[in-house]
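# Fold and geometry: a report
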Amino acid sequence: MEHLSEELIIEILKRITRTSDLNSVSLVSKQLYAIDAEQRATICIGCGLSTEDFSALCSRFPNLLKVEIDYSGSTPGNGNYIDNQEVTSSGLLMVAFGCKALSSLYLNDCKGIAGSTEWLEYLGSDGSLEELIVSNCKGVSQYDFLKFGPGWMKLKTFEYENEENFFSIHPRYGSSVKANTHRYELCCENLKDLKLVRLVTEPDGPEIGLRFLLGKCKALEKLCLEYVTGVIDNDMIVLSQACKNLKSISLVLKPEHYVVGGHIEFRTGFTDESLKALALNCPLLEDVELTFTSCEHWDPPEIGFTQEGLVSFVQSCPIRVLVLNGALFFNNKGMKALSSAQFLETLSLIDCNEVTDHGMRFIVHFPSLINLTLRFCHNVTDVGLSELAHAQKLQSLVVGGCGYISQKGVLGAAKSVCYEDARVFSLSAAGVRREKEKNSPSPTAGEVASVHLERRSPPPQRHIHDRLRRALLFSPATAPASSWLFRNPSTPATGL
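One structure accompanies this document, and this report is about it. (Residues numbered from 1 in each chain as written. Predicted model: local features only at pLDDT ≥ 70, side-chain atom pairs only at ≥ 80, totals over all residues. Heavy atoms only, no water.)

On a plain count of helices and strands, the protein comes out with 17 helices and 17 strands. Per-residue burial over the protein gives 49% buried out of 496 residues. Excluding contacts between residues fewer than 6 apart, the proportion of contacts in the protein whose partners are at least 24 apart in sequence is 74%. Surface accessibility of the protein: about 22,800 Å² in total, with carbon and sulfur atoms responsible for 52%. (Helix = DSSP H or I, 4+ residues; strand = E, 2+ residues; numbered from the N terminus. Buried < 20%, exposed > 50% of the residue type's maximum accessible area, 1.4 Å probe, protein only. Contact = heavy atoms within 4.5 Å. Areas by Shrake-Rupley, 256 points an atom, 1.4 Å probe, with all protein chains shown as cover.)

Take unusual backbone geometry next. The amide bond that connects D299 to the next residue, P300, takes the cis arrangement and shows omega of 5 degrees. Take P300: it is sitting in the loop between β11 (287-292) and α10 (307-316). Positive phi, normally seen in glycine, also occurs at N136, with a value near 55 degrees. As for its position among the elements, N136 is in the loop between β4 (131-135) and β5 (157-161).

It is worth spelling out the pattern of salt bridges at this point. For side chains bearing opposite charge, pairing can occur when the charged atoms are close. Counted according to the given criterion, the structure contains 10 salt bridges. A salt bridge links E387 to R361, with the nearest nitrogen and oxygen atoms 4.0 Å apart. With E387 in helix α13 (residues 382-391) and R361 in the loop between α12 (357-360) and β14 (371-375), this pair connects stretches of sequence that are 26 residues apart. For R361, a relative accessible area of 42% translates into the label partly exposed. Shared partners join several salt bridges into a network, and the residues in it are E286, R320 and E345. (Salt bridge = Lys/Arg side-chain N within 4 Å of Asp/Glu carboxyl O.)

Each aromatic ring pair is described using two quantities: the centre-to-centre distance and the angle formed by the ring planes. Enumeration over the complete set of coordinates arrives at seven aromatic pairs. Plain terms: the ring middles of F145 and Y160 are 5.0 Å apart, the flat faces sit at 70 degrees to each other, and that makes the pair edge-to-face. Here F145, found in the loop between β4 and β5, pairs with Y160, found in strand β5; they are 15 residues apart in sequence, far enough to count as distant. A single burial state applies to F145 and to Y160, both of which are buried. Geometrically, the ring pair formed by F292 and F329 is edge-to-face, given 5.8 Å between the ring centres and 75 degrees between the ring planes. Note that F292 is positioned in strand β11 and F329 in the loop between β12 (321-325) and α11 (332-338), a separation of 37 residues in sequence. For F292, a relative accessible area of 0% puts it in the buried group. The buried category is assigned to F329, whose relative accessible area is 16%. An aromatic cluster is built from F145, F148, W152, F158 and Y160, whose rings are joined through pairwise contacts. The ring of Y258 carries the charged tip of R267 above its face, separated from the ring centre by 5.1 Å. (Phe/Tyr/Trp six-rings, centres within 6.5 Å; stacked < 30°, edge-to-face > 60°. Lys NZ or Arg CZ within 6 Å of the ring centre and 35° of its normal.)

On their own, these measurements won't tell you what the molecule is for.
Encoded structure:
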C-alpha cells in the first residue's frame, strides 16, 4: 500500500461504503488512517459516546459533511446503553465548532439535549447547514428553532418531530390569555423539503401560526404535516400562493375543536377550501397523501374534506400518485368520478371501507392507472378483482390485510402482484403451481412469474382508541390556552 499514490488510495476509499469497513481499512497503516480521516465525509454515531468524545471525533475527521447521531433504542437495561452516556448540548456545540464543512445534521432520540441552544445558534450563524433533521429529541422545543436565525437562508431540508405524547389534546377554543405576538424574519426561501410532526400552531393572528413559516418557503417542493395541531385553511392558502413549485404533499390529520361562526365544530382543520387553493395555485403538484386518524362516521362529518372536493382537486391537478388512508367520505361514486382523472398512475386505498366490489369495476376505466394498492379494505373481495384479471391493465397490484381477498383472487390481476398475508409466504414458481393445482388448472408462465406472496409489516391503521380520545376531550369551560408555532421565546409555551 505504501507504493500507491494518494490519489489512488482516495479512489479506493470512495468505493468503500460501509463504515465498519472504512474503520478496518484505516487500521492497516498510518497512511490509510490519515487519508481516511481527511476524506471521511459522513459519520454515524450511536449510543455510548460521551460529550468529551465529540472533541476528539471532530479533530480526527475535520472535513465531515454529514453527522448522524441516533440514540434510538438506547434505554437502560436493553444492553445498548453504555454508562448512561448521552449526547448533550455541549457535545453538539463541539460538533458545530469542529465540523467546519458540516452541511447535514441528523439527530434522533437524543434525550440529553436540554437547556442551552448555543449549538443551534452557532450552526445558524455559520450558515453552511443545508439539511437539519431533529426527531424525538425531548429537550429540543419547536420554539428553539427561532434561534437558528440566518441558518434558515441556506437550509434546503428541515424535519422536526416533536416527542410529545400522541394523546395530547389541544382544543381550539378562544382563550382569555393571549401571549405577545412578534414577527420573526425567517429567511427560508431555499427550503425545498419540510416535514413537521406533532407541532402546536395558533390559527389566529396575522403574524403567527404555521402560515407565517409556509409563506416564506418559496422554493418548497415537498411538504409533510403529521398531527400538527391548530391548522386551518388560511395556512394552506398562504402555502399555495407562495409555493408554486410544490410537487408533493402529505397530510396526517385528526379532528380537533374549532370555533366557526360562533359555534364549535369537531373536525380536521383543512377543508375543501384548502384543496381549491392547491388546485388553483400549484400546477406542479403530482404526489398527494391524505391520512385521517381518530375520525368517525358522525354527523356533522369529522373530516373537513368532502368527496366532491377531493375529486375536483384530483381532476384539476396533474396528480400522478394518490394515497387515501382512512378516508371515510370516499366511496364507489368517488371511484367512478376519479376514473376520468387523466394523469393518475398510482392509487393506494388504505382502510377505505366505503369502497366495495362495485367501485373496483371502475379501475379498468382509469386512463393512466397502472399501480394499485389495497390495504385493510374489507368490503373488496375476489369478485371485485376479477375484472382486473380480464383487463390485464395494471402493472402492479399490492393487497394486504383485506380479509375477503384471497391468494387465488389476486392471481393474474396485474403483471406484478404482491399479496401480504398474516402467514409467511415465499413460494417459488413450482410452489405457486402446487397451490393452484388444488383448485384449478395450472397458471400460465406469466402468472407464475408475477406473483410474490410474503409477510410484510402492514402500515399503521387509523387510530382506533376513539372512545378513549373522546373521554379525554376537554369541555369549553376547561379548555387550556392555545399555543402557536412562532412567537416570543420568552413567553411560556402552553398546550405542550
